[in-house]
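Now for the letters of each chain:
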Amino acid sequence: MAANSEIDKLDLQILSILMSDAQIPYTEIAKRLEVSGGTVHVRMKKLIAMGVVKGSHLEIDPSQLGYDICAFVGMFLEKGSLYNRIVKQLEEIPEITEIHYTTGRYGIFLKIVSTNTRELRSILNDKVQPIEGIQRTETFISLEESMKRPIQILGAAHKR
């Protein structure tokens, strides 16, 4: 985390609580941290204005809704300068849930969810690979997500 003198330990504590449960009321956070609800509200408004907090979301288990395949796709680009144009087209494909510009072997790394391997093949063959500037792709199917967690912002590495 970049050093930011405007973020203090209380801000980090508030964020840590909300990262474990984004639905917890500010009044409950205030009780846990022994501050007023207004303090939590003001701190959150500040963190949102600073761009530290980018929103909140509802996390679902895609497999419970029939999305049984999670795949990661490494993309080789003809030229790195095509990245922005390619990303705009990839953003139009609803099954793509993440797009990363990477160093190393791939220029772009994607996360795709689909209902089955037949649908995944169609997404790759009919939607992704025809995009001009993509040289080739390599696909990795996830067999199981063993862990997913937010960053640990109150760890020993972040002494304040």
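Residues numbered from 1 in each chain as written. Predicted model: local features only at pLDDT ≥ 70, side-chain atom pairs only at ≥ 80, totals over all residues. Heavy atoms only, no water.

**Side note on helix α4 (residues 83-90)**
Owing to its 3.6 residues per turn, the α-helix aligns residues three or four sequence positions apart on the same side. Taken together, the buried positions of α4 are Tyr-83, Ile-86, Val-87 and Leu-90. One side of α4 holds all its buried residues, which, seen down the axis, span an arc of 100°. Those residues of α4 that are exposed and aimed more than 90 degrees away from the buried face are Asn-84 and Lys-88. (Buried < 20%, exposed > 50% of the residue type's maximum accessible area, 1.4 Å probe, protein only. Helix = DSSP H or I, 4+ residues; strand = E, 2+ residues; numbered from the N terminus. Arc of directions from axis to C-beta.)

**Comments concerning the packing of helix α2 (residues 26-33) against helix α3 (residues 37-50)**
Following both chains from N to C, one finds α2 and α3 inclined at 110°, their axes separated by 8 Å at the closest point. Between α2 and α3, the angle falls in the class roughly perpendicular. For the element pair α2 and α3, the recorded crossing hand is right-handed. Contacts from Tyr-26, Ile-29 and Ala-30 in α2 reach Gly-37, Val-40, His-41 and Met-44 in α3. Residues of the contact of α2 with α3, tallied by class, amount to five nonpolar, two polar and no charged. (Axes fitted to C-alpha atoms, helices over the stretch in contact; angles between N-to-C directions. Parallel < 35°, antiparallel > 145°, perpendicular 65-115°, else oblique. Left-handed = near helix turned anticlockwise from the far one by under 90°. Contact = heavy atoms within 4.5 Å. Nonpolar A, V, L, I, M, F, W, Y, C, P; charged D, E, K, R; others polar.)

**Here we look at the packing of helix α1 (residues 9-20) against α3**
Contact pair α1 / α3: the axes reach a minimum separation of 10 Å and the direction vectors enclose 90°. It follows from the interaxial angle that α1 and α3 lie roughly perpendicular. Along the contact surface, α1 presents Leu-10, Asp-11, Ile-14, Leu-15 and Leu-18, while α3 presents Thr-39, Val-40, Arg-43, Met-44, Lys-46 and Leu-47. Class assignment for the residues of the contact of α1 with α3 results in seven nonpolar, one polar and three charged.

**Describing the nonpolar core**
Generally speaking, nonpolar side chains in soluble globular proteins are found buried as a group. Ranked by size, the top nonpolar core spans 21 residues in total, and within it Met-75, Ile-86, Leu-90, Ile-108, Leu-110, Ile-112 and Val-128 carry the most contacts. Of all the secondary-structure elements, those providing two or more residues to this core are β1 (69-77), α4, β3 (108-114) and α5 (117-128). The greatest single-element share of this core, amounting to five residues, is contributed by β1. Not counting chain neighbours up to four residues away, the residues in contact with Ile-86 comprise Leu-77, Ile-108, Ile-131, Glu-132, Gly-133 and Ile-134. Core analysis: the next-biggest nonpolar cluster, separate from the first, contains 16 residues, Leu-10, Ala-30, Leu-33 and Ile-153 among them. (Core = buried A, V, L, I, M, F, W, Y, C linked by side-chain atoms within 4.5 Å.)

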